[in-house]
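One-letter residues, chain by chain:
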Amino acid sequence: MKEKILELIYQNTEQKDYEANTAQSISATLKISRNQVAQILHSLYLERKCIKITVKPLLFLSRKALEERCGFLLEDTEYSSIEEIFSKGKKQPEKKDFDKLIGAHGSLNEVVKQSKATVSYPPHGIPLLFHGDTGTGKSYMAQLLYEYSKNEGLIAEDAKFLTLNCSEYANNPELITANLFGYVKGAFTGADEDVEGLLSLADGGILFLDEVHELKAENQEKLFLFMDQGIFHRMGDNKVWMKSNVRLIFATTEDPEKVLLKTLLRRIPVTINIPNLAQREQKERAELLYYLFSQEEQRINKPIRISSQVYQALLHYNFTGNIGELKSCIQYCCISSLFDNKDSQQITVTIAHLPKNVLDSHSEEQQVLSSQITYLEIHQLLDFVGKTSELIEMYNSIYKLAEKDHFNDLSNIDKYQEIFTAYFENKSVENNQKQFYKKTVKSVVDIVASGYGLHISNNDVLSLTKFLGDALQYYFELQHFYEQYTQDFTIFYDYLKMKYYREVKIANEVAHYLEHFTDMELGEAVNVWLTLFFVISGKVKASNQVVAVILAHGFSTASSIAEAANKMLNHYVFDSIDMPLHVDTNTIVDRLNEFLSNIGRFDNLYLLVDMGSLEAIDDGIQIDHANVGIINNVTTKMALEVGSNILQEMPMEENLSKIVETADYAYHMKKSEQKENVILCSCASGIGTAEKLKKIINDSLPNNIHIKVLTYDYTSLLEKKTDSEFFTQYNVLCTVGTLNPNIDGLKFIPIEQLIISDDIKELTSYLCDYMDEKDIEVFKRNMVKNFSLSNIMNALTILNPTQLLEYVANAIDRLQQSMELSFSNSTCFGLYVHISCLIERLVMNKNIESHADIEKFIEEHQSFIDKVKESFAQVEDYYGVTFTMEEIAYIYEYIENN
Ligand SMILES: Nc1ncnc2c1ncn2[C@@H]1O[C@H](COP(=O)(O)OP(=O)(O)OP(=O)(O)O)[C@@H](O)[C@H]1O
């Protein structure tokens, strides 16, 4: 009875039908005596399952439902009103750095990612400029970056965050110099003692230079030396060098190109644009309203409610001062309302409290339309924000995990398991809708499981029911989320298809039936999830490295045998291809080849065929990367024996020879002798570049193609050439990279060839034996798309690619002039990429230190070295790096080889 009452209280609280939670009303609904209800309510209250609202008559609310709605834990068991719960009960756990930023996972996602990358750049971060209109949150971003740096241990716990608003000193450049660099006694009238400047005070921390466009040119110049070498003079003392290690963050509302000295701008490699409020999603603006009103509630310590008109007006008004102006506007409304409702327990904000500009723009039409005024308590604004559902959170976690492994690895299966377990933890209440989903899921898994010999437990049914319920309830949110990341998810799904074809097949079938029962198109997001569900649950025991297909004549002979064998084996071992009597063997072989081409790489293929098909199928099968064993006269008994041996991981030859001992069967076995085909990425610029190159090529290869893309250390390649275990193990089709290692028998494709030419003939000519025309076309198309110069630059460096390219291109022009040479287009492109990677490496202190004969090179090519030094002086200066002799030698060889 207690459970029943708790359940009813939960439902009423969830549906905000609080009045239905009096003892009297519960007694009437459940037809139990009022006394008994009162006793149970009291005990639920003592157990802290219910919250008591001390009004007359007493109300009992479900703690669980309230906490779910508020998103925080309630400390007390008794409150004087429902409003009190939402206003006073806020004991939210302190949010960490960027978790506080509204839009961090939405419109500011990229901004946050870029900022974090910049501040984490080894060894001490790189200077960064925030550019955006007033009030967009530049100062807030800088503050959060400081918190983030501390939380990540990039700066010490006691490191400082200091701000200098340059506009405050716009007319007094002397004062700003004194403030920034410090001064010594006697530096100017009134300088009675030595004083440290902000650069010294912020040592080890962050200095934020706001409104930097107001910094006069002379002061911008003074900053250069500090930015280049970390040293500076105090005002009035040109002898002693001061040192400081400060991360600099700049902000401006103006166009940086127009207001900052080029020389300063060059020293700030990353500019991040912060979008205006108008460019943020409606959901995010609603969240800002909630957040800013909640701050006011806390400040004035009274619950606030706002009229729906105020909500609409604030949501839609074009605040040119962005979030800063929105915040002031909300404060204005609350103060006006407080003034009007001095003695009231609650503040009510109506349109009369809006500032005039906002009120004026709230058109009469809108006012008439929303003539039915309703009031919203602040916590209710969250309903508009749509708290992220558990489902989307789970998908987000899956996405992040998959992203870490470049969407093509599932070795972190335990981590996926954790995500699923957390999601399934709360399979929550039963209601009619849930009952329907449960029945649907049960029917679907019954149909699918039987064909694959899967055991689906009651617990699995409950898990799938929760998922189905959520997928339907958050249908649009899910589709929207998936659409945002479709490209990446498709790569991930393709990977799953190759690696887990059995799980994908089961998942597809389950999804197909669910769609049929619910009459909803569930989409790929659901297929991906279901596939992961089956992979994680480990229901499929047969390794996907072993494929076993039954082929037999007759309408459903093969499928019946496969189904019966799977069922009896309790595992999904066999697939089947039915051969209608009128269909010739060639057609069947085509179907078989097509089936095999869709299931990724495998090591062993068993084909169980019926009488008379062995030779024909043997001849037509196009597999040379795996062992293929064909056995004839298939029966259910034979399938059972072969399948059971497969599950015991018996080697193929032993398995087949054992079977033929017992009856009049025959088998053929062709052993795979083929080495795996590999495209090698090896770059003089380092393994990091090779890894990125590998990803781009991998992303371009059609998924059904069994060519691996691997990286190889360039220096070992030069040292060992092809005399290594690696080259015995793999069949290397070609090497792609920045510099030709010039190794006999190793085909090399320079990266620039992939960038500048639509025609990647040379590469495809190395691959055409392993791909058909259609795949080559897909590959070409993807390569052209993925290998655009900007794409490569974006992938290869975190430095601002446009700026980097401009500098490198200018330097290469100068080099050509001084050498009185004109490089070919392809050499230029090659040098762009190579030198850009080189600069990035130098910035990160990862220069190449070895070269076969550097002494000789220096001796023989002094003039070339001088020319490079001269041409790249500006680039070196801009990025604060120095080209080593080894690097110059590689540039020389590159030009020489081309
Ligand atoms: N994404 C956000 N989430 C929550 N609060 C924000 C966000 N962005 C800005 N704010 C708040 O808005 C106000 C204005 O932001 P901030 O002062 O950082 O803007 P700004 O771009 O530096 O403005 P200005 O150029 O005028 O100095 C601050 O109170 C800040 O806390």
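Not measured: the values here are computed from a predicted model. In this convention, every chain numbers its residues from 1, walking through the sequence in written order. This being a predicted model, a pLDDT of at least 70 is required before a residue's local features are given, and a value of 80 or more before pairs of side-chain atoms are given or counted; all residues contribute to the totals for chains, interfaces and linings. Only hydrogens and water are removed before side-chain values are computed, so all heavy atoms of the structure are retained for them.

**Focus on the packing of helix H13 (residues 282-300) against helix H14 (residues 308-316)**
And then number 1: Whenever a helix is involved, its axis is fitted only over the stretch in contact; in every case the axis is a line through C-alpha atoms, and angles between N-to-C directions fall within 0 to 180 degrees. Helix numbering and strand numbering both begin at the N terminus, where a helix is a DSSP run of H or I of at least 4 residues and a strand a DSSP run of E of at least 2. In the contact formed by H13 and H14, the axes pass within 10 Å of each other and the chain directions differ by 120°. The orientation of H13 with respect to H14, classified from their angle, is oblique. Crossing of H13 against H14: the hand is right-handed. Along the contact surface, H13 presents Gln-282, Arg-285, Ala-286, Leu-289 and Phe-293, while H14 presents Tyr-311, Leu-314, Leu-315 and His-316.
And then number 2: Each residue receives one of three labels: charged for Asp, Glu, Lys and Arg, nonpolar for Ala, Val, Leu, Ile, Met, Phe, Trp, Tyr, Cys and Pro, and polar for the others, Gly being one of them. Counted by class, the contact of H13 with H14 contains 6 nonpolar, 2 polar and 1 charged residues. Working definition: roughly parallel below 35 degrees, roughly antiparallel above 145 degrees, roughly perpendicular at 65 to 115 degrees, and oblique for all remaining angles. In this scheme the handedness of a crossing depends on how the near helix is turned from the far one: anticlockwise by less than a right angle means left-handed, clockwise means right-handed. In this analysis, two residues are considered to be in contact whenever any of their non-hydrogen atoms come within 4.5 Å of each other.

**Let's talk about the sheet that holds strand S22 (residues 707-711)**
And then number 1: Read across the sheet, 4 strands follow the order S22-S21-S23-S24 without closing on themselves; strand pairing throughout is parallel. Each edge of the open sheet is held by one strand with a lone partner, namely S22 and strand S24 (748-750). Going across the sheet, the axis of each strand differs from the next one's by a mean of 25°, ignoring polarity.
And then number 2: What makes two strands pair is DSSP finding at least two bridges between them. Pairing analysis gives 6 bridges linking strand S21 (residues 676-681) to strand S23 (residues 730-737), with the strands arranged parallel. In the sheet register, Cys-681 faces S23, and the bridge partner there is Val-736.
And then number 3: Strand contacts of helix H32 (residues 687-700): S21, S22 and S23, with the helix running at about 165° to S22, the strand carrying the most contacts.

**Some points on H14**
And then number 1: Note on classification: 1.4 Å probe, protein chains only; a residue is buried when its accessible area is under 20% of the maximum for its type, exposed when over 50%, partly exposed between these limits. With 7 of 9 residues buried, H14 is to be regarded as a mostly interior element.
And then number 2: When H14 is considered as a whole, its buried residues turn out to be Ser-308, Gln-309, Val-310, Tyr-311, Ala-313, Leu-314 and Leu-315.

**What about the site of the ligand?**
And then number 1: Throughout this document, a residue counts as near a molecule or strand when at least one of its heavy atoms sits within 4 Å of that molecule or strand. Taken together, 18 residues lie around the ligand, and Thr-134, Gly-135, Lys-138, Ser-139 and Tyr-140 are the ones closest in.
And then number 2: Between the ligand and the protein, one listed contact pairs an oxygen atom with a side-chain N or O atom of Thr-134 at 2.6 Å.
And then number 3: Contact between the ligand and Tyr-140: an oxygen atom at 2.8 Å from a main-chain N or O atom of the residue.
And then number 4: Computed by Shrake-Rupley with a 1.4 Å probe, the accessible areas treat only the displayed protein chains as cover when residues are assessed. In isolation the ligand exposes 630 Å². Once the protein is present, 84% of that is buried. Between N or O atoms, a polar contact is any pair within 3.5 Å; within protein, one atom must be a potential hydrogen donor and the other a potential acceptor, and residues adjacent in sequence are included only when both atoms are from side chains.

**Concerning the side chain of Arg-63**
And then number 1: Within the secondary structure, Arg-63 is located in helix H4 (residues 63-70).
And then number 2: We classify Arg-63 as buried; its relative accessible area is 9%.
And then number 3: Engagement of the side chain of Arg-63 in a polar contact is seen with the backbone oxygen of Arg-48, the distance being 2.6 Å.

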